[in-house]
Amino acid sequence: MNLDGQTCSRARLSRDARFDGKFFIGVVGSGVYCRSICPAPTAKEKNVRYFPTAAAAAEAGFRPCLRCRPECSPGTPAWAGTQSTVSRALRLIGESGLADGGMEVLAERLGVGSRHLRRLFLRHLGATPRAVAQTRRLHFAKKLIDETRLPMIQVALASGFGCVRRFNADIRKVYHRTPTEIRALARQTARQPENQYLFRLHFRPPYHWKAMLAFLAARATPGVEMVELGSYRRSISLNSVHGYFDVSLDEGSDALAVRVQFDDPRSLFFIIERIRGMFDLSADWAAIVGSLRTDPVLAGRVETEPGLRVPGCWNGFELATRAILGQQITVKGATALAGRIVRTFGRPLSATNGLTHLFPTPEVLADANLANIGLTKARAETIRAFARAVCGGQISFEGIVDSDAFLTRLCEIHGVGEWTAQYVAMRALGEPDAFPSGDLGLLRTSGLASSRELERRAEAWRPWRAYAAMYLWSIASEGGTRVSKLVPSKTKEATAEKTAAYQRVSIAG
């Protein structure tokens, strides 16, 4: 992958946080690689090398800097500048590393040969899949050493090392220090309660935290999620272990402060990666804004409220169920129904900071009597059919390789339409170009008469249509709609499409 040396040089010299994680700097004299915001004295240009990823820098023989901590960088969006096969591979590596069978199994799942996959990674990322997975594992281990008091044996297991001996050897090889020596350098003073961990997850500014909280607050399922005092909190369950996490803004360091309460440290990597996706921390605002500011409806909002992100979700089944509940009713109404489902079918927890339940599993909802909570017969049957499809393996939210095929299977469930599928793609799959064009709020705010017209207009927003949708919903939620600009329909087909579109729900609030 070729980097623009002049741009990298300017970003390095200015220490501009917007470029953090988009490239890494190898310093020839010291043999370390750094982030663009590293506070160390600036090296001469002739003594630096630029790399597209941390793994590429490691492959070239550089070790991570202990001052700027490359493991804390925001991360590079998987879809930015990479081939779709590489993007899908990165998503799978992010979910489980190469623990599910190594390179051969990863390549088979992607439908390519392992040698071809290796060539693609070298071309686009400057490192092999194995090197990428190894670097991620080492970075997470370093984060646990610096930011937690976990015993080293638990750090080794949580970061995916098979044994402590290999963990110690790899850390010493990469950092030229033992894990114990690295922890001593971190100078931790505050001790966290047992099974509680505090992390700082960095992002590239700007980040519109208030808008993120407002969106999540309106849709927070009572008993499962809470938004209060500038923080988001929710209950979680993994492998029959229950806990919760709390997320707030750490304004002084362009990061989110994440507090995780969970009894099994082996799940920490998955939890942190899921939270990163949920709060869209790898988004590159500089790349996104270029496509949006050219639109007359979006331009003003983009300038006055920069950094709007697409909220993800903790659990795909939960999000999709909530989306089905929200069809043709208000956000407030859907939230109330979700709360009734949780109280009736969710697993109770001992009340922790207002969190009282876990969201019900697919197995519970597959045969649940949902009529008692106020759902229509048709809506109840759609949720049961969806839950049965998840239980039977026809639909899975883990290890998705082909999102289009996944959405096609989702739409085969009676009662699940394109609007629901695109909304799930936005928030559960993290697809930056997903776009529910039939949404009433999007149509009204854009001042167009039909979803077809909106889709044509949205071509200019690719591949960031999901972000455009967030801005249009933001305008609609404040009453900034432009219904006076609706284009009259001149044909029966257009009139029918307009009528159908306006019967659909809006997620705007």
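Before reading on, note that the structure itself is shown above.
In short, a report on the structure. (Residues numbered from 1 in each chain as written. Predicted model: local features only at pLDDT ≥ 70, side-chain atom pairs only at ≥ 80, totals over all residues. Heavy atoms only, no water.)

1. Brief notes about the pairing of strand E10 (residues 347–352)
Then, number 1: Burial analysis of E10 places just zero of its six residues in the buried class, which makes it a mostly uncovered element.
Then, number 2: Across three bridges, the pairing between E10 and strand E11 (residues 355–358) is antiparallel. The partner of proline 348 across the bridge, within E11, is histidine 357.
Then, number 3: The turn linking E10 back onto E11 is made up of two residues, and asparagine 353 within it adopts a positive phi angle of 50°. (Buried < 20%, exposed > 50% of the residue type's maximum accessible area, 1.4 Å probe, protein only. Helix = DSSP H or I, 4+ residues; strand = E, 2+ residues; numbered from the N terminus. Pairing = 2+ DSSP bridges.)

2. Describing the sheet that holds strand E1 (residues 24–27)
Then, number 1: The strand order across the open sheet formed by four strands is E3-E1-E2-E4, and the pairing between neighbours is mixed. In this open sheet, the two strands that pair with only one neighbour each are strand E3 (48–51) and strand E4 (63–64).
Then, number 2: Taken together, the four bridges between E1 and E3 define a ladder with antiparallel strand orientation. Its bridge partner lying in E3, glycine 26 is registered against arginine 49.

3. Quick word on unusual backbone geometry
Then, number 1: Backbone torsion omega between proline 205 and proline 206 reads 5°, so that peptide bond is classified as cis.
Then, number 2: On the secondary structure map, proline 206 appears in the loop between strand E5 (196–202) and helix H10 (209–219).
Then, number 3: Proline 463 follows arginine 462 through a cis peptide bond whose omega is 0°.
Then, number 4: Look at arginine 15: it is not a glycine, yet its phi comes out positive at around 55°.
Then, number 5: Of note, arginine 15 is situated in the loop between helix H1 (5–14) and E1.
Then, number 6: What makes arginine 15 partly exposed here is its relative accessible area of 31%.
Then, number 7: Phi is positive for histidine 176, which is not a glycine, with a value near 60°.

4. Let's talk about the pattern of salt bridges
Then, number 1: Counted under the stated rule, the structure contains 27 salt bridges.
Then, number 2: Across the pair aspartate 246 and arginine 233 runs a salt bridge whose closest N-O atoms are separated by 3.1 Å. Linking aspartate 246 in strand E8 (residues 241–250) with arginine 233 in strand E7 (residues 231–238), this pair joins segments that are 13 residues apart in sequence.
Then, number 3: Residue classification places arginine 233 among the buried positions, given a relative accessible area of 7%.
Then, number 4: One connected set of salt bridges, linked through shared partners, spans Arg69, Glu71, Lys142, Lys143, Asp146 and Glu147. (Salt bridge = Lys/Arg side-chain N within 4 Å of Asp/Glu carboxyl O.)

Just geometry here; none of it tells us what the structure is for.
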